[in-house]
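Coordinate analysis (summary)
The lines below spell out each chain.
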Amino acid sequence: MNHPDLHIELREHIAIIRLTRAAKRNALSDGLILALRDAFDNLPDTVRAAVIDGEGPHFCAGLDLSELQERDAGQGMRHSRMWHAALERVQYGPVPVIAALHGAVVGGGLELASACHIRVADASTFYALPEGSRGIFVGGGGSVRIPKLIGAARMTDMMLTGRVYNAEDGERAGFAQYLVPEGTAFDKALELAQRVAQNAPLTNYALMHALPRIAEQPADHGFFTESLIAGIAQASPEAKTRLADFLEGRAAKVSKD
Ligand code: 1HE
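All of these numbers come straight from a predicted model, not from anything done at the bench.

What counts, and at which threshold
The numbers attached to residues start from 1 for each chain and follow its sequence in the written order. Reporting of local features is limited, given that this is a predicted model, to residues whose pLDDT is at least 70; pairs of side-chain atoms are given and counted only at 80 or more, and all residues count toward the totals for whole chains, interfaces and linings. Hydrogens and water molecules were not included; the side-chain quantities draw on all heavy atoms of the structure. To be near a molecule or strand, a residue needs just one of its heavy atoms within 4 Å of it. Under the rule applied, a polar contact is a pair of N or O atoms within 3.5 Å (in protein, one hydrogen donor and one hydrogen acceptor; residues adjacent in sequence only if both atoms are side-chain atoms). Shrake-Rupley sampling with a 1.4 Å probe provides the accessible areas, and residues are treated as covered by the protein chains on show and by no other component. Throughout this entry, Asp, Glu, Lys and Arg are counted as charged residues, while Ala, Val, Leu, Ile, Met, Phe, Trp, Tyr, Cys and Pro are counted as nonpolar. The remaining residues, Gly among them, count as polar. Where each domain begins and ends is defined by an automated method or by a domain database. A pairing counts as a salt bridge when a side-chain nitrogen of Lys or Arg comes within 4 Å of a carboxyl oxygen of Asp or Glu. DSSP-based pairing: two strands are paired if at least 2 bridges between them are found. Helical segments are the DSSP runs of H or I of at least four residues, strand segments are the runs of E of at least two, and each set is numbered from the N terminus. Contacts are assigned to residue pairs that have any heavy atoms within 4.5 Å of one another. Throughout, an axis means a line fitted to C-alpha atoms (over the contacting stretch in the case of helices), and angles, computed between N-to-C directions, take values from 0 to 180 degrees. Put simply, buried Ala, Val, Leu, Ile, Met, Phe, Trp, Tyr and Cys residues joined by side-chain atoms within 4.5 Å make one nonpolar core. Three exposure classes are used, based on accessible area relative to the maximum for each residue type with a 1.4 Å probe and protein chains only: buried under 20%, partly exposed in between, and exposed over 50%.

Take the site of the ligand next. In the region of the ligand, 22 residues are neighbours, and K24, A61, L63, G108 and R134 sit closest. Separating an oxygen atom of the ligand from a side-chain N or O atom of H58 is a distance of 3.0 Å. Note that a nitrogen atom of the ligand is positioned 2.7 Å from one of the backbone N or O atoms of A61. In the complex, 66% of the free accessible area of the ligand, which totals 1000 Å², lies under the protein chains. Looking at the shell around the ligand residue by residue, the class counts come to 10 nonpolar, 6 polar and 6 charged.

The domain boundaries assigned to the protein delineate domain 1 (6-196) and domain 2 (201-247). A C-alpha centroid distance of 27 Å is found between domain 1 and domain 2. Seen at the junction of domain 1 and domain 2, the total is 1 salt bridge. For the pair domain 1 and domain 2, the number of links is 3 residue pairs in polar contact (both at pLDDT 80 or more). Among the residues forming the side of domain 1 that touches domain 2, the class breakdown is 5 nonpolar, 3 polar and 2 charged.

What follows is about the sheet that holds strand β5 (residues 104-106). Reading across the sheet, the 3 strands line up as β5-β7-β8 and stay open at both edges, with mixed pairing between neighbours. Only two strands of the sheet have a single partner each, and these edge strands are β5 and β8 (165-166). As paired strands, strand β7 (residues 126-128) and β8 are joined by 2 bridges and run antiparallel to one another. In the strand pairing of β8, F126 is matched with N166. Where helix α3 (residues 108-115) meets the sheet, its contacts fall on β5 and β7, and the angle it forms with β5 comes to roughly 90°.

Quick look at the nonpolar core now. Here is a general trend for soluble globular proteins: nonpolar side chains tend to be buried in one another's company. If you look at the biggest cluster of nonpolar residues, it comprises 45 residues, and the most contacted ones within it are F40, I52 and Y127. Those elements that provide at least two residues to this core are β2 (14-19), α1 (30-41), β3 (49-54), α2 (73-91), β4 (97-101), α3, α5 (142-150) and α6 (152-161). Tallying contributions element by element places α1 first for this core, with 6 residues. Apart from the residues lying within four places of it in its own chain, the contact partners of I52 are I17, L36, F40, F59, V97, I98, A99, A100, L112 and C116. Residues A49, F186, A189 and A193 belong to the second largest nonpolar core, which totals 17 residues.

Once that is clear, we can look at the sheet that holds strand β6 (residues 118-122). A sheet is described by the order of its strands in space; here 6 strands give the open sequence β1-β2-β3-β4-β6-β9, paired in mixed fashion. With one partner strand each, in any of the chains shown, β1 (6-11) and β9 (178-180) form the two edges of the open sheet. For this sheet, the mean angle separating the axes of adjacent strands, direction not counted, is 20°. Judged from the 6 bridges that link them, β2 and β3 form a sheet pairing that is parallel. What sits directly across from I17, in β3, is I52.

Printed below as a string of structure tokens:
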């Protein structure tokens, strides 16, 4: 399960998963993609949230282009399916995942980031989909996930014209939920992970597993599915304790500060 390009550290309830292939800009080799899949499959039960970041000046340069050999159509399809399986574990794994972005978030690196639940970008971040100019296509789930963040029109433009979004424009377009000063994305992501880890696990589970599915359902089905997960969440002992804490003045109020 250990891979030289992936470092996993546990800090109490937070798993920190770091791409450590800075010399190759954290390009995702097949081995590294499989190691990511295994990492999410094997997170200890004590983990409540995860942070993904990348060592060196860039988050991730995408697919390891040196491995892109002559594949026939079937092999190419299976390679893409391997990415799907790995990034599915990130999106629909056991815990919410927060990506700490900086530098290049390109190609498969953007596909990885888009499988995470929260993206924190520092001011050095830039986003691109060079697949368009490399004569290939996204294969790591990008055509499903990226339009949900920025819309199909922006993704089409990026791939047709090679457009690169800087951190500020990228945040406005919807790539990241947070934009922070250069060098601070990891600290902010860790702070958010600690906050997320305090939620009732069932609420986090519903947000990760129910919300994206409900959002894809026709409204009538979505309302019904929502009622099921709402009923399950509110019947949990943890919900009862938390509600009592609020009603008896022991829980924090909502505050705008
Ligand atoms: C790589 C890769 C890579 C760097 N595969 N080796 N992704 C791309 O098309 C992006 C290609 N990379 C770049 O545009 C640039 O490297 C960066 C903007 C990310 C960074 O630039 P820079 O100047 O900091 O680094 P560099 O000098 O370009 O690269 C340093 C080394 O990393 C160099 O190797 P070296 O042996 O000459 O030192 C590069 O060759 C290597 N390197 N990026 C392999 N991607 C599931 S389908 C997904 C499809 C895609 O992701 S396509 C998009 C691929």
